[in-house]
Amino acid sequence: MLPFAGLTSQSCRRRAGTGIPVKGCKLPTFPSIFSTPFLLMSLAASASTAASSLLPPAAPWTGASEQLVAAPNDPWITPAEKSDFQDSPDAARTLGYLRAMDAKSDLLSLHTFGKSYQGRELVYVLAKKPGAGKPVVMIQAGIHAGEIDGKDAGLMLLRDIAFHGRDDLLDRVDIVFIPILNVDAHENASPFGRPNMRGLRTKGARTNAQGLDLNRDYARLQSPEIAAVVALLQRFDPALYIDVHVSDGTDYQYDTTYTFAGWGSYARSRATAGWLMNDYTTAVDAALVAQGHVPGVYPSWIDEDQPGKGLRISAEGPRYSTGYGDFAGIPTVLVESHTMKPYKRRVLGTYVLLEQSIRTVARDHARIAQAKSQDRAARPARLMTAWERDPEPLATRDFKGYRYDTYDSKASGARELRWTGEPVDIGLPVYGVRSAREMDFPKAWWVRPEQQDIIATLRAHGVQMQALASQCTLPLEVVGFANGKDRTNPYKAVKNVTLPTGAVRITSDQAKRSLAAALLAPESDDSFLAQGYFDQALPPESRLPNHLLAPLADRMMESDPALRASFEQALAGDKALSSDPQARLRWWLERSDYFERSLFTYPVFTENGTTTCRFDAGVSADAPAIHDVQAVNPRETR
């Protein structure tokens, strides 16, 4: 631990999001060396060296993409290039570099599209030539701020577009580039960040200032950062959305890996998945190989401590960037450069992938638009809401790995894995998933008007809805639970439900039918219910205790011979029911007048019939509310 760690005075806490000490505070004094940049750089260098010493040796590498690095005397050399890829600029230096390019190039304009949880500006660069209707490639860096390769690759690419003759990339495509999405985590940098990653003296954090993993928030929109990104996706509806990361875990030969929702195999948007898995992959792989890189499918392991067990691919829900793009009908690529490769090599591989992605969209934009339309017009009858690993492998995949062995660790008292840096090509089994739960699509869902958070989130996602103009009663399926957190043994029944003015109806006959189902259906793992919106919800009444429930059931048996016959028939056909006193009493409780008040009723109902309810004219989410997007400088937005 540093000798001065933990000595920050209560009175000297910095204002959130500014880095400025509170007025009048007195910081503790130390020898002058502690306040010098030299010491901070030394600490970062020593921490980086210590972390790197734990990693396997880096393989030597040269590639044609090294020609992309600016000359030392280039006036537009990026901060990362200037440091020989030892450092990545903080948010202020990044914004300063972008402002400078914006001031000198008519091809680039800088915009804000929201604020972080701590109040920092979220910015994007729009790179375009005059002309309307061109497809958009939206590139996002720093959703996990320690994985910042995309930012430095993007700065280099924008520089080359603006000043080094690559402006042909804008002939048929517009580019939206987000340099740092998780900007609060980016500024929470440390020399001790991501010890599993080679390169950079300091690295940002993974979670935002709320402690959220932003790449788990696309469905719920709990963070201002992802809410702003989803609004931007609504605004631009890109032909391709690229989310740039760095891998975790194991060692292998690939330096630039990427994948799509469900690894393509389990994507719900089948037409766009077909383009991504074929034409896109072929073009990107060829470009990377030509530039000296080793591309591959992003590997997800059965067990990182035992890589020989094989790889897994899986379906995805809309909480992830790739899953969200799949549910929204937006072709989405997850880029994962390899954590153990040197930073320069990773950034250059990312640059090549981004450039080729833009060129491929320019070439294939008509096919992409057709695939998006086809996917959005699809109306699947069923949705898989839960899945489990299939015990039988789908295939065996040739994999460019590194040999590993094990050693006796005195610390753990067990044999631990150790990578040797010796390349080896092996065959690994690839395991997929099988459906564990599916749902049929209803005709529509209904949400009570007091659930404004849910309604607002649906609107933010662009889900179409109608609002009731006046009170209406109609038959709907109602779902109840013991409480909002205990969702075992759900109770379902079709009842006449009276809904007040302002309740909203969400038709399943819409492009975002699967997204609406994932958010609303109680059986979905990404629903508002499963994500904890109602964890504190309780039923209107406590359950009847047995000393009251048992005599009530006995009285019901005596007074209703038909119900008694049904009970006896149920006992005869169900040994578990017959032998369980609590289950027997629950059977009677469910048929009593007291049952509904002992349940928490999920305030989302499903419709499968017809409705004659009247709706407010023009109230829908066809054109969802979008946050104003402002230019950072006073020049006209381009």
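Residues numbered from 1 in each chain as written. Predicted model: local features only at pLDDT ≥ 70, side-chain atom pairs only at ≥ 80, totals over all residues. Heavy atoms only, no water.

Overview of the sheet that holds strand 10 (residues 382-408)
Think of a sheet as strands paired side by side through backbone hydrogen bonds, with each pair either parallel or antiparallel. The test is simple: What makes two strands pair is DSSP finding at least two bridges between them. Helix numbering and strand numbering both begin at the N terminus, where a helix is a DSSP run of H or I of at least 4 residues and a strand a DSSP run of E of at least 2.
If you walk across this open sheet you meet the three strands as 8-11-10, and the pairing is mixed. Whereas interior strands pair on both sides, the edge strands pair on one side only; in this sheet they are strand 8 (311-312) and strand 10.

So, the side chain of T322
Put simply, the rule reads: Here a polar contact is recorded for every N or O atom pair within 3.5 Å, except that within protein the pair must consist of a potential hydrogen donor and a potential acceptor, and residues adjacent in sequence are included only if both atoms are side-chain atoms. Throughout, a contact is declared for two residues whenever any of their heavy atoms are within 4.5 Å.
Looking at the secondary structure, you find T322 in helix 8 (residues 321-328). Engagement of the side chain of T322 in a polar contact is seen with the side chain of E316, the distance being 2.6 Å. Not counting residues within four places of it along the chain, the set of residues in contact with T322 comprises F260, A261, E316, T332, V333 and L334.

Focus: the layout of surface pockets
Applied cut-off: Here a cavity means grid points, on a 1 Å grid over the protein atoms only, where a 1.4 Å probe fits yet cannot get out; a pocket means an open set of points with protein on both sides within 12 Å along at least five of seven lines; lining residues are those with an atom within 4 Å of a point. Grid points are joined across faces, edges and corners, and a volume is the space filled by probe spheres set on the points. Following the grouping adopted for this structure description, the nonpolar residues are Ala, Val, Leu, Ile, Met, Phe, Trp, Tyr, Cys and Pro, the charged ones are Asp, Glu, Lys and Arg, and the polar ones are all others, Gly among them.
In this structure, the second largest pocket occupies an estimated 680 Å³ of space. Surrounding the second largest pocket, 29 residues form its lining, R216, W263, Y298, R312 and Y320 being those nearest its centre. Of all elements in the fold, only strand 5 (240-246) and strand 9 (332-337) reach the threshold of two or more residues within the lining of the second largest pocket. For the lining of the second largest pocket, a count of residues per class yields ten nonpolar, eight polar and eleven charged.

Observations regarding the nonpolar core
For clarity, the cut-off: In plain words, nonpolar cores are sets of buried Ala, Val, Leu, Ile, Met, Phe, Trp, Tyr and Cys residues tied together by side-chain atoms within 4.5 Å. A 1.4 Å probe rolled over the protein chains alone gives each residue an accessible area, and that area as a share of the maximum for its type sets the label: buried under 20%, exposed over 50%, partly exposed in between.
In terms of nonpolar packing, the biggest core is built from 58 residues, with F113, V229, W445, L458, I506 and L520 touching the most fellow members. Take this core: its biggest share by element is seven residues, from helix 6 (residues 224-236). If we skip the residues at most four places from it in the chain, I506 touches A444, W445, V447, L458, V463, Q464, M465, A516 and L520. With 56 residues, the next largest nonpolar core counts L108, V173, L354 and A362 among its residues.

Notes on the pairing of strand 2 (residues 121-127)
Within strand 2, six of the seven residues are buried, which leaves it mostly tucked inside the rest of the structure. Here seven bridges tie strand 1 (residues 108-115) to strand 2, and the two strands are oriented antiparallel to one another. Note that in strand 2 the partner of K115 across the bridge is E121. Counting the residues in the hairpin turn of strand 1 and strand 2 gives five residues, including G119, whose phi is positive at 95 degrees. Pairing geometry for strand 2 and strand 4 (residues 174-178), over three bridges, is antiparallel. Bridge pairing links A127 to I175 in strand 4.

A look at the packing of helix 4 (residues 149-163) against helix 9 (residues 343-377)
Heads up, the rule is: To get an axis, a line is fitted to the C-alpha atoms, and for a helix only the part in contact is used. The angle between two axes follows their N-to-C directions and goes from 0 to 180 degrees. Roughly parallel refers to an angle under 35 degrees, roughly antiparallel to one over 145, roughly perpendicular to one between 65 and 115, and oblique to any angle outside these ranges. A clockwise turn of the near helix away from the far one marks a right-handed crossing, whereas an anticlockwise turn of less than a right angle marks a left-handed crossing.
Following both chains from N to C, one finds helix 4 and helix 9 inclined at 55 degrees, their axes separated by 8 Å at the closest point. Here helix 4 is positioned oblique relative to helix 9, judged by the angle of their axes. Considering only the axes of helix 4 and helix 9, their crossing is right-handed. Residues D149, G150, D152, A153, G154, M156, L157 and D160 of helix 4 touch helix 9, and the partners they reach there are Y343, R346, V347, L348, T350, Y351, L354, E355 and I358. Residues that form the contact of helix 4 with helix 9 fall into these classes: nine nonpolar, three polar and five charged.

A word on the pattern of salt bridges
What counts here: A pair is scored as a salt bridge if a Lys or Arg side-chain nitrogen falls within 4 Å of a carboxyl oxygen belonging to Asp or Glu.
Inspection of every chain in the model, using the stated rule, returns 42 salt bridges. With a closest N to O distance of 2.7 Å, R166 and E355 form a salt bridge. Pair noted here: R166 is in the loop between helix 4 and strand 4 and E355 is in helix 9, with a separation of 189 residues, a long-range link. With a relative accessible area of 22%, R166 lands in the partly exposed category. Residue E355 is classed as buried on the basis of its relative accessible area of 13%. A cluster of three or more residues bridged by salt bridges with shared partners is formed by E147, R194, R206, D213, R216 and D248.

So, to be careful, I would describe these as geometric facts and stop short of saying anything about function.
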